[in-house]
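Take a look at the letters that make up each chain.
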Amino acid sequence: MAVVNIRNVSVSYGDQQVLNSVSLTMESGKFIAVLGPSGCGKTTLLRVVAGFSEYSGSVEIDGKAYDAIPPHKRNIGIVFQDYALFPHRSVEENIAFGLRLRRISRADIEQKVTQLLDLLQLQALRSRYPSQLSGGQRQRVAIARALAVDPKVLLLDEPLSALDKKLREEMQVELRQLQQRVGITTMFVTHDQEEALALADKVVVMNKGNIGQVGTPSEVYARPRSRFVADFIGKSNVFEATLDKSEGDALVCKLAGGETVRIARSGEVRSGQEIHFFVRPEQLVLCKPESPAADGAKLAGIVRHVVYKGSNESIHIELAGSKMVEAQVVQSRGWNIGDAVVVGWNANDALILAE
Amino acid sequence: MGIGQRLGWPLLFLLPAAIVIGFFFFTMSIMVRISVAPNLGPAQIGDGFTSDNYIQFFGSTFYLGYLFRSLWLAAYCTLITAVLGYTLAYFIHRSGRRTRVLVGALLVIQFFTAYVIRTYAVMLVIGKTGILNRSLLGAGIIERPLALLFTETGVAIGMILVSLPFMVFPIVASLQSIPPNVEMAAASLGASNTRIFWTVIVPLTMPGIAAGIVVVYLFELTSYIVPGVLGGGYVDMIANLIYAKAMQSFDHPFAAAAAMVTLLVSGLTVYLLQKFFRLVTPRT
Ligand SMILES: Nc1ncnc2c1ncn2[C@@H]1O[C@H](COP(=O)(O)OP(=O)(O)O)[C@@H](O)[C@H]1O
Ligand SMILES: [Mg+2]
């Protein structure tokens, strides 16, 4: 098990800055998800750690600088997005590839390979070739191959993105259990926020080569620091407002249209300050115009769109000034398009965005 | 009638191919026939059957020498072409887009320039006052010009240069088909660049190497213009012998027999090469 310290790593291609002074610590044995939209530099970050990319800054593993160590001497396992199995080698030979490069006896190689075949339930496929495997099976082989050499760190580049939804969810559980059993420090790259939240001990949200926020899944979900994080992790309704005064545990502020709303109090704020705050769709409370509303707000709107999602419903509502918000309701009261509705929230569910 | 109508059109499209193949077998059968006909003097082909032409060919070290020289020359030239071709293909594959397009274009132009012109171009390079000798002399590497023209070395250089594109194109194609992350995966497992080259890249490009070697070997074995122009009569290969017999001595039966032998030897070589490459090409 190993601790990885990434310090001020920058990468540019030509005049395009792909990573912008990224710093990150991976604690020993932890599962870290790097989450960000396509093109934000996730793969580049993996390549830096593995030594495949030129960079400035430093990568340290267990206190030792790795910057001058070539990729083949780093002992870092990678599972690529396309798995990159050796097409001319059987499952068994793929897994044994790294072992054969080391001074290990035949018997020990055999034993290690069998152990990994068992761990990843690949026994029946041991003499198949990659072209004879399904996507999920290839992925298992890629993981087994990477784990075979007992790497210090395991890097996974969107390994589940090629699988269909059901298989993906099964593999998420398996991957997490596997990582815990092996206890290896793991960096998992994904653009799927649900996946990141479901799997990781720690989520790193990236945007355009910068790290937006680092925290546990519940931290980044419940307390996003920026509008980008709030939007990228789950959905959110962001409002602009001007602060008026504080009142007990709440802050009173005015929306652009003049409506007075109450939001959760946080940190140092001044009266007259322009702020952004957000409310998650599942925390918006919808009522009929005449019934009592939630304590935070009472905004009149009209239902414009209803999306049925099985266990819940998404209601899209137009507020004053054509602002659209989305509410997620579990048990539908039978909202129809065109209904007049009052949108509210509990003051402590409306949170200020720091940036 | 229904089936006839349904199959009629596609069959019509096959007609040109059928004509070409039919014509090939027709002329081949004439050649087979002539190769066992008695030679009754210049340009006179007898009616009977005889094995004299073949006996004459196999019974003479002079004639067999042409065959063996050609086999040997083609063999080592193919090997050198393969090494050079692989190096060039690897360079093309590795270099940036601009270099790749440029080198590729040069090869394609080379490829589509008339064979004879290319051969004369090689002559200008390796001649006594050619570019090669002038630069070597200029650099002080040699004191007297190298005699390359009208020697086996000259012919070999010519054959290699002229057949290089046949080797490079299929190898580049197979290099391009290697999944891009495979090399990185090998490195992450501890393989050095040399190791990756021999355990991953070479095996995965074996189909390209095989295609290149078979085509180039046949091409070089049956070379006619290159030894004709660059050998100047001193380094004749089997095709030159056949041509001289057919068009200068007008001994058509003997020429036909020599051609048949060459054809069979080529066929056998291709068969053996295919077998060999099937053995060394990893399954996928
Ligand atoms: N080899 C390269 N040359 C030039 N630009 C590159 C190269 N690799 C990646 N990029 C650019 O760097 C940015 C980040 O790429 P990447 O790390 O692959 O993003 P992600 O994995 O998050 O989708 C992209 O804009 C991409 O176009
Ligand atoms: Mg990527």
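Calculation criteria
Residues numbered from 1 in each chain as written. Chains lettered and ligands numbered in written order. Predicted model: local features only at pLDDT ≥ 70, side-chain atom pairs only at ≥ 80, totals over all residues. Heavy atoms only, no water. Helix = DSSP H or I, 4+ residues; strand = E, 2+ residues; numbered from the N terminus. Buried < 20%, exposed > 50% of the residue type's maximum accessible area, 1.4 Å probe, protein only. Contact = heavy atoms within 4.5 Å. Areas by Shrake-Rupley, 256 points an atom, 1.4 Å probe, with all protein chains shown as cover. Pairing = 2+ DSSP bridges. Patch = residues over 30% accessible without salt bridge, like charges linked within 9 Å, V, L, I, M, F, W, Y side chains within 5 Å. Salt bridge = Lys/Arg side-chain N within 4 Å of Asp/Glu carboxyl O. Polar contact = N/O pair within 3.5 Å; in protein donor to acceptor, adjacent residues only side chain to side chain.

Q: Any chance you could explain the overall build of chain A here in plain terms?
A: Each helix and strand in chain A was counted, giving 8 helices and 20 strands. For chain A, the spread of C-alpha atoms along the three principal axes comes to 80 × 45 × 35 Å. For chain A, the proportion of its 355 residues judged to be buried stands at 50%. Contacts in chain A between residues at least 24 apart in sequence constitute 65% of all its contacts with a sequence separation of at least 6. Surface summary for chain A: the accessible area is close to 16,400 Å², and the carbon and sulfur share equals 46%.

Q: Looking at this structure, I do not really get the pairing of strand β14 (residues 274–279) of chain A. What am I missing?
A: The side chains of a regular strand alternate between both faces of the sheet. All names here are of chain A. Bridge analysis of strand β11 (residues 237–247) against β14 gives 6 bridges, and the strand direction is antiparallel. In the sheet register, Phe239 faces β14, and the bridge partner there is Phe277. In this structure, β14 lies alongside strand β20 (residues 351–352), joined through 2 bridges in antiparallel fashion. Bridge pairing links Phe278 to Leu351 in β20.

Q: So what exactly am I meant to see when it comes to a nonpolar patch on the surface here?
A: On the surface, Trp9, Leu12, Phe13, Leu15 and Ile19 of chain B cluster together into a nonpolar patch covering about 610 Å² of accessible area. Relative to the helices and strands, Ile19 of chain B is located in helix α1 (residues 2–35).

Q: How should the pairing of strand β4 (residues 56–61) of chain A be read in this particular structure?
A: Residue and element names in this part refer to chain A. Relative to β4, strand β1 (residues 4–13) runs antiparallel, the two being bridged by 5 bridges. The partner of Ser10 across the bridge, within β4, is Ser56. In this structure, β4 lies alongside strand β5 (residues 64–65), joined through 2 bridges in antiparallel fashion. Each residue of the ladder has a partner; that of Ile61, found in β5, is Lys64. In this antiparallel pair of consecutive strands, β4 and β5, the connection spans 2 residues, and Asp62 shows a positive phi of 50 degrees.

Q: Would you take a moment to explain the environment of Glu326 of chain A for this structure?
A: Residues and elements named next belong to chain A. Among the structural elements, Glu326 can be located in strand β18 (residues 324–329). Note on Glu326: relative accessible area 12%, which makes it buried. In this structure the C-alpha to C-alpha distance between Glu326 and Val261, which are 65 residues apart in sequence, comes to 18 Å. Apart from residues lying up to four places away in sequence, Glu326 is in contact with Lys235, Asn237, Pro281, Leu284, Lys309, Ser314, Ile315 and His316. A distance of 2.8 Å separates the side chain of Glu326 from the side chain of Ser314, its partner in a polar contact.

So far we have only geometry, and geometry alone does not tell us how the molecule works.
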